[in-house]
Amino acid sequence: FGSSSATGVAVISDTTILCNAPAGTAGEGVLISVVRDSGTLSSTSIYTYEAPPNAELEITWRSNSGAISTGVLTVELHNETPITSENFRDLAEQGLYDDTLFHRIRFRQKIEGGDFENGNGSGGHAAEYHGIGDESDSSTWRIPDEASTSPSHQDGALAMHLPAGSDSAGSVFYIACPDSNLSNRDGVNTVFGQSIGGTIDGADVGFMELLDALHRVATGSGDVPVQPVRLVEVRLSGGSITPPDSG
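Quick caveat: nothing in here was measured; it's all calculated off a predicted structure.

Chemist: Which residues make up the pairing of strand E13 (residues 173–176), and what values do they have?
Modeler: On E13, burial covers both faces: Phe173 and Ile175 on one face and Tyr174 and Ala176 on the other are all buried. Here strand E11 (residues 110–113) pairs with E13 via 4 bridges, running antiparallel. Among the inter-strand pairings, Ile111 is bridged to a residue of E13, identified as Ile175. With 3 bridges joining them, strand E12 (residues 157–160) and E13 adopt antiparallel strand pairing. Considered in E13, the bridge of Ala159 is made with Tyr174.

Take a look at the structure:
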């Protein structure tokens, strides 16, 4: 970029050239050429970096003081978990997450939502059939676990809820709260996103402050919020999910 250059290893087949390039930001272009002992290949190309796949979760809640607030949590979806990330994106594109509840909030643990059927964590299903459940009944569709390839739980991690053990995730997800310690769920629940930003009533406060406000709302029996905490909308942006090269 600019006056800098990078040299990498190229793998050339009949139709494809694979090479490593320096990291870039979304919308930035880099001129890629391949140099060999006998000279530079005649063809060069411009590669434009895509923005990573992001989701913005617009959330409303009533604080313990009675004030109604609106927050927007920005999450970057992981390429390491392509089935889970695409399932979330597909459900969001279908509008199934819009106007749903965060039905369970556990202080310093997690904020759980995504049940667009029953609103209590017992419903929801995958966007497509993945060989789990009855193909003719979409309410039974589930996605296979990708926990073995997913990142570990960090504060602000976005992960899938497993209502009935392995390979039982449908649409219900949770967000790890500040000061949470969910390392016992690493390798069990698929972490498919990481919070990277947050606003409250239009002010940029970062995701930690937004999640701190959310996990402090009053809850009752079963960690159910006393006043509704609502997922108003999920907005998608950035590029597509690109699984990492396994080779």
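Chemist: Account for the nonpolar core, naming residues and giving values.
Modeler: Within the largest apolar cluster, 37 residues are counted, with the highest numbers of intra-cluster contacts made by Leu57, Phe88 and Phe173. Residue assignment for this core shows that the elements contributing at least two residues are strand E7 (54–62), strand E8 (68–77), helix H1 (82–93), E12, E13, strand E14 (191–200), helix H2 (207–214) and strand E16 (230–237). Apart from the residues within four sequence positions on either side, Leu57 is in contact with Gly71, Val72, Leu73, Val75, Phe88, Phe173, Ile175, Leu231, Glu233 and Val234. Listed in part, the 6 residues of the second largest apolar core include Ala157, Ala159, Leu182 and Val191.

Chemist: Please set out the packing of aromatic side chains residue by residue, giving values where relevant.
Modeler: This structure, assessed with the given rule, holds 6 aromatic pairs. Seen in terms of ring centroids, Phe88 and Phe192 are 5.4 Å apart; in terms of plane orientation they differ by 50°. Their pairing is tilted. You can see Phe88 sitting in helix H1 and its partner Phe192 sitting in strand E14, a full 104 residues away along the chain. This pair shows no difference in class: Phe88 is buried, exactly as Phe192 is. Through successive ring pairs, a cluster of aromatic residues spans Phe88, Tyr97, Phe102, Phe173 and Phe192. Here Lys110 stacks its cationic end above the ring of Tyr174, 4.7 Å away from the centre of that ring.

Chemist: I'd like a description of H1, backed by residues and values.
Modeler: If you check H1, its first and last C-alpha atoms are 16 Å apart, about what 12 residues at 1.5 Å a residue would give, namely 16 Å. Listed in full, the buried residues belonging to H1 are Thr84, Ser85, Asn87, Phe88, Arg89, Asp90, Leu91 and Ala92. The inward-facing, buried residues of H1 abut E7, E8, E12, E13, E14 and E16. At the exit of H1 stands Gly95, carrying a positive phi of roughly 75°.

Scoring rules and cut-offs
Residues numbered from 1 in each chain as written. Predicted model: local features only at pLDDT ≥ 70, side-chain atom pairs only at ≥ 80, totals over all residues. Heavy atoms only, no water. Buried < 20%, exposed > 50% of the residue type's maximum accessible area, 1.4 Å probe, protein only. Helix = DSSP H or I, 4+ residues; strand = E, 2+ residues; numbered from the N terminus. Pairing = 2+ DSSP bridges. Core = buried A, V, L, I, M, F, W, Y, C linked by side-chain atoms within 4.5 Å. Contact = heavy atoms within 4.5 Å. Phe/Tyr/Trp six-rings, centres within 6.5 Å; stacked < 30°, edge-to-face > 60°. Lys NZ or Arg CZ within 6 Å of the ring centre and 35° of its normal. Expected span 1.5 Å × (residues − 1).

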